[in-house]
Amino acid sequence: LLEAELSSVSKHIDNDEALEKYNKAIEAAKRSKFIHEEGLACELAGFHCNRVGDKTNALNFLSRAKECYNEWGSRMKVKFIDNEIQQINNTAS
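Residues numbered from 1 in each chain as written. Predicted model: local features only at pLDDT ≥ 70, side-chain atom pairs only at ≥ 80, totals over all residues. Heavy atoms only, no water.

### Considerations on the nonpolar core
Point 1. Core analysis: the largest hydrophobic core is formed by 21 residues, its most contacted members being Tyr-22, Ile-26 and Phe-61.
Point 2. Listing elements by their share of this core, those giving two or more residues are α2 (15-31), α3 (35-51), α4 (55-72) and α5 (75-92).
Point 3. At six residues, α4 tops the list of elements feeding residues into this core.
Point 4. Sequence-distant contacts of Ile-26, that is, excluding residues within four places in its chain, are made with Glu-38, Ala-41, Cys-42, Ala-45, Phe-61 and Arg-64. (Core = buried A, V, L, I, M, F, W, Y, C linked by side-chain atoms within 4.5 Å. Buried < 20%, exposed > 50% of the residue type's maximum accessible area, 1.4 Å probe, protein only. Helix = DSSP H or I, 4+ residues; strand = E, 2+ residues; numbered from the N terminus. Contact = heavy atoms within 4.5 Å.)

Okay, here's the thing in structure tokens:
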């Protein structure tokens, strides 16, 4: 996940490479059954996609993060993600 975040902010690495690292982090967390880590990786991937203007993937990753946080039982994170999704939807229209 740290590698994905570093790629996200690096000017020398393209979007596809950053997304590949986010997806690897998501899959590793899922395999390990760390639902909160999977949610965090999805959330950060969603923020990355939003930063680069990929609203569709941003919404997909954030929706997945919301599912993870809901399963984990974190109502505050679900509410936070709902607000982020709403903001993206408002700017996309």
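### Some thoughts on the pattern of salt bridges
Point 1. Enumeration over the complete set of coordinates arrives at six salt bridges.
Point 2. Between Arg-64 and Glu-38 there is a salt bridge, and its shortest N-O distance comes to 3.8 Å. Taken as a pair, Arg-64 in helix α4 and Glu-38 in helix α3 lie far apart in primary sequence, 26 residues in all.
Point 3. Here the residues in one salt-bridge network are Glu-27, Glu-38 and Arg-64, joined through shared partners. (Salt bridge = Lys/Arg side-chain N within 4 Å of Asp/Glu carboxyl O.)

### Focus on the confidence of the model for the protein
Point 1. Averaged over all residues, the pLDDT of the protein equals 92, while 95% of them reach at least 70.
Point 2. Helix α1 (residues 2-9) is the least confidently modelled element of the protein, averaging 77 in pLDDT, while α4 averages 98, the highest of any element. (pLDDT = per-residue confidence, 0-100.)

### A few points about the side chain of Glu-38
Point 1. Classification of Glu-38 as buried rests on a relative accessible area of 6%.
Point 2. If near-sequence neighbours (up to four positions away) are discounted, Glu-38 is found in contact with Ile-26, Ala-29, Lys-30, Arg-64 and Cys-68.

### Comments concerning the side chain of Glu-43
Point 1. The topology assignment puts Glu-43 in helix α3.
Point 2. For Glu-43, a relative accessible area of 4% corresponds to the buried category.

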